[in-house]
Amino acid sequence: MLDQTLLPGVVRYIDAHTHADVADAIRRLAVRGAPLIGIAAAYGLTLAARRGEDTRRAADELLATRPTAVNLRWAVDRVLAAGAEAAESEARDIHDEQRQADLQMGELGAELIADGMTVLTHCNTGSLATGGIGTALGVIKTAYRQGKRIRVLVDETRPLLQGARLTSWELAHERIPHEIIVDAAAPALIASGEVSAIFVGADRIAQNGDTANKIGTYMLGLAAQAHDVPFYVVAPASTIDVNVADGSSIAIEEREAGEILAFAGRQTAPASSVARNPAFDVTPAGLITAIITARGVLRAPYHTSIARIVQQPAVVR
Ligand code: MRU
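This text gives an overview of the structure that appears in the document.

The rules we used
- Each chain has its residues counted from 1, running along the sequence as written.
- Residue-level local features of this predicted model are given only where pLDDT is at least 70; pairs of side-chain atoms are given and counted only at 80 or more, and the full residue set underlies all totals for whole chains, interfaces and linings.
- Working from all heavy atoms in the structure, the side-chain values ignore hydrogens and water.
- Nonpolar side chains (Val, Leu, Ile, Met, Phe, Trp, Tyr) within 5 Å and like charges within 9 Å form the patches, drawn only from residues with over 30% relative accessible area and no salt bridge.
- Note that accessible areas follow from Shrake-Rupley with a 1.4 Å probe, and for residues the cover is restricted to the protein chains shown.
- Counted as salt bridges are all cases of a side-chain nitrogen of Lys or Arg within 4 Å of a carboxyl oxygen of Asp or Glu.
- Only DSSP runs of H or I reaching four residues or more are called helices, and only runs of E reaching two or more are called strands; each is numbered from the N terminus.
- For helices, the axis comes from a line fit to the C-alpha atoms of the stretch in contact; other axes are also lines fit to C-alpha atoms, and the angle between any two N-to-C directions lies between 0 and 180 degrees.
- For this classification, under 35 degrees means roughly parallel, over 145 means roughly antiparallel, 65 to 115 means roughly perpendicular, and everything else is oblique.
- Crossings are sorted by hand: turned counterclockwise from the far helix by less than a right angle, the near helix makes the crossing left-handed, and turned clockwise it makes it right-handed.
- In this description, contact between two residues means that some pair of their heavy atoms is separated by no more than 4.5 Å.
- In the scheme used here, Gly and all other residues not listed as nonpolar or charged are polar, with Ala, Val, Leu, Ile, Met, Phe, Trp, Tyr, Cys and Pro taken as nonpolar and Asp, Glu, Lys and Arg as charged.
- In the cavity and pocket records, a cavity denotes points on a 1 Å grid over the protein atoms alone where a 1.4 Å probe fits but cannot get out, a pocket denotes an open set with protein on both sides within 12 Å along at least 5 of 7 lines, and lining residues are residues with an atom within 4 Å of a point.
- Grid points are joined across faces, edges and corners, and a volume is the space filled by probe spheres set on the points.
- Here the expected length of a helix is defined as 1.5 Å per residue gap, with one fewer gap than residues.
- Two axes define the bend at a residue: one fitted to the seven residues ending there, one fitted to the seven starting there, and the bend is the angle between them.
- Each residue is assigned to one of three classes by its accessible area relative to the maximum for its type, calculated with a 1.4 Å probe on protein chains only: buried under 20%, partly exposed between the two thresholds, exposed over 50%.
- Among buried residues, those of type Ala, Val, Leu, Ile, Met, Phe, Trp, Tyr and Cys that are joined through side-chain atoms within 4.5 Å constitute a nonpolar core.
- The criterion for a residue being near a molecule or strand is simple. One of its heavy atoms has to lie within 4 Å of it.
- Under this definition, polar contacts are N or O atom pairs within 3.5 Å; protein pairs additionally need one hydrogen-donor-capable and one acceptor-capable atom, and for neighbouring residues in sequence, both atoms have to be side-chain atoms.
- Whether a molecule lies in a cavity or pocket depends on its atoms, and more than half of them have to be within 2 Å of the grid points.
- DSSP-based pairing: two strands are paired if at least 2 bridges between them are found.

On the surface, Val-11, Tyr-13 and Trp-169 cluster together to form a nonpolar patch covering roughly 330 Å² of accessible area. Among the structural elements, Trp-169 can be located in helix 8 (residues 162–174).

Turning to the packing of helix 2 (residues 34–50) against helix 3 (residues 55–63), a few remarks are in order. Two quantities define a packed helix pair, namely the angle between the axes and the distance from one axis to the other. Orientation of helix 2 relative to helix 3, taken along the N-to-C sense of each, is 150°, at an axis distance of 9 Å. Between helix 2 and helix 3, the angle is such that the two are roughly antiparallel. Relative to helix 3, the crossing made by helix 2 is right-handed. When helix 2 is examined against helix 3, the residues Ala-41, Gly-44, Leu-45, Ala-48 and Ala-49 are found in contact with a partner set consisting of Thr-55, Ala-58, Ala-59 and Leu-62. Among the residues making up the contact of helix 2 with helix 3, the classes are represented as seven nonpolar, two polar and no charged.

Below, the discussion takes up empty space enclosed by the protein. Counted by the stated rule, this structure contains three cavities of 30 Å³ or more. Looking at the largest cavity, its volume works out to about 190 Å³. Residues that form the lining of the largest cavity fall into these classes: nine nonpolar, nine polar and four charged. Roughly 50 Å³ of internal volume is contained in the second largest cavity. If you go around the second largest cavity, the residues you meet are Arg-158, Pro-159, Leu-160, Gln-162, Lys-214, Ile-215, Arg-255, Glu-259, Asn-277 and Ala-279. Each residue belonging to the lining of the second largest cavity can be placed in one class, and the counts come to four nonpolar, two polar and four charged.

Looking now at helix 8. Because an α-helix packs 3.6 residues into every turn, residues spaced three or four apart end up facing the same way. Spanning 13 residues, helix 8 covers 17 Å between terminal C-alpha atoms, matching the ideal 18 Å at 1.5 Å per step. If you look at helix 8, its biggest bend is around 30°, right at Ser-168. Within helix 8, burial applies to Gln-162, Gly-163, Arg-165, Leu-166, Thr-167, Ser-168, Glu-170 and Leu-171. Of the surrounding secondary structure, the elements contacted by the buried residues of helix 8 are strand 1 (118–121), helix 6 (127–130), helix 7 (136–145), strand 2 (151–155), strand 3 (178–181) and strand 6 (211–214).

Let us now look at the nonpolar core. Core analysis: the largest hydrophobic core is formed by 30 residues, its most contacted members being Ile-26, Leu-45, Leu-62 and Val-76. Among the elements of the structure, helix 1 (19–27), helix 2, helix 3, helix 4 (70–82) and helix 5 (87–110) are those that each provide at least two residues to this core. For Ile-26, the contacting residues outside a window of four places in its chain are Val-31, Ile-37, Ala-40, Ala-41, Leu-62, Thr-65 and Arg-66. Judged by nonpolar contacts, the second largest core, of 28 residues, contains Ile-205, Ala-235, Ala-285 and Ile-306.

Following the criterion strictly, the structure yields 19 salt bridges and no others. The partner of Asp-3 in a salt bridge is Arg-28, and the shortest N-O contact between them spans 3.4 Å. With Asp-3 in the segment before helix 1 and Arg-28 in the loop between helix 1 and helix 2, this pair connects stretches of sequence that are 25 residues apart. Accessibility expressed as a relative area gives 7% for Asp-3, which makes it buried. Its relative accessible area of 37% is what places Arg-28 among the partly exposed residues. With its nearest N and O atoms 2.3 Å apart, the salt bridge here joins Arg-149 to Asp-115.

Bringing the site of the ligand into the picture now. The environment of the ligand is made up of 17 residues, and the closest members are Arg-32, Ala-34, Arg-66, Asn-213 and Lys-214. The contact in question runs from an oxygen atom of the ligand to an N or O atom on the side chain of Asn-213, over 2.6 Å. Contact between the ligand and Lys-214: an oxygen atom at 2.8 Å from a side-chain N or O atom of the residue. More than half of the atoms belonging to the ligand lie within 2 Å of the grid points that define the largest cavity. Within the residue set of the shell around the ligand, elements represented by two or more residues are helix 2, helix 6 and strand 6. Here the residues of the shell around the ligand sort into six nonpolar, seven polar and four charged.

A few words on the sheet that holds strand 7 (residues 231–234). Strand order in the open sheet formed by seven strands is 3-2-1-4-7-11-12, and the pairing between neighbours is mixed. The open sheet has two edge strands, strand 3 and strand 12 (296–298), and neither has a second partner. This sheet shows a mean twist of 25° between the axes of neighbouring strands, independent of strand direction. Pairing geometry for strand 1 and strand 4 (residues 197–200), over three bridges, is parallel. Counted as the bridge partner of Thr-121 is Phe-199 from strand 4. Here helix 8 sits on the sheet and contacts strand 1, strand 2 and strand 3; the angle it forms with strand 2, its principal contact strand, is near 160°.

Take a look at the structure:
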């Protein structure tokens, strides 16, 4: 697995031999992004199965790594249900299905981007987050590959800089014009009329469309509504949690204060200071113009549009 904590400066791969290696990589964000967390966990469980370990216990260890991205539980449940013998082929299916879903979301979402647009995105939702072309970033890449001249404003995404480090790395690779902004610059740029549309990913979408995503997404939704700019969420169906009625029941990961109190290993706040570090926030469905899934572009009322595409009945847990 590519160690994303070292990007863009160093390209180094991690060899995972056990599910615990995979769990460690997920926990420290070497592997991250909701769909990729699910894919990595599926392969991690495959390693446990191959080694003849207790897969239920391995699953619990993997599930404990990050609480918000529901793709994690979705993928782990699929591999457990497939059984130890079929674990690897199930993991490969999950990976392939994500690649395919990315292409479909890319095509559907690109229809919402016109030539000459400036689009704004948050965090990293590209290949580094899904293993395919990405979700929100996949839409942007698809529009660019279709020949549309676009410009991308990239939120740096505090505190771990997934936007500045990872999204910009992918955009540079694709030669897509982009500028990095500090997260707090986004609302003013939206107000100025410079931003044509906002595309973000999701870690968990409730039945009513409320969407958890990287901290800082909610302020984009508020600014978008205040200034009449379309705000799109792009996510595969595996990000929809049919067991959660609305955003108030979505578990929000709180990460270590050290990510805020220090920067690149150097203490930046007084030694006596403490910090709060919620890694995600919830954007209420009312601020979302549409949710782009591989199964179609969903509009409000999301209760109905989401229920229509979710084929599996609710799993009680
Ligand atoms: O903490 P991270 O980097 O895993 O957070 C990632 C995000 O919030 C992404 O927007 C989300 O997982 C969607 S990735 C296609």
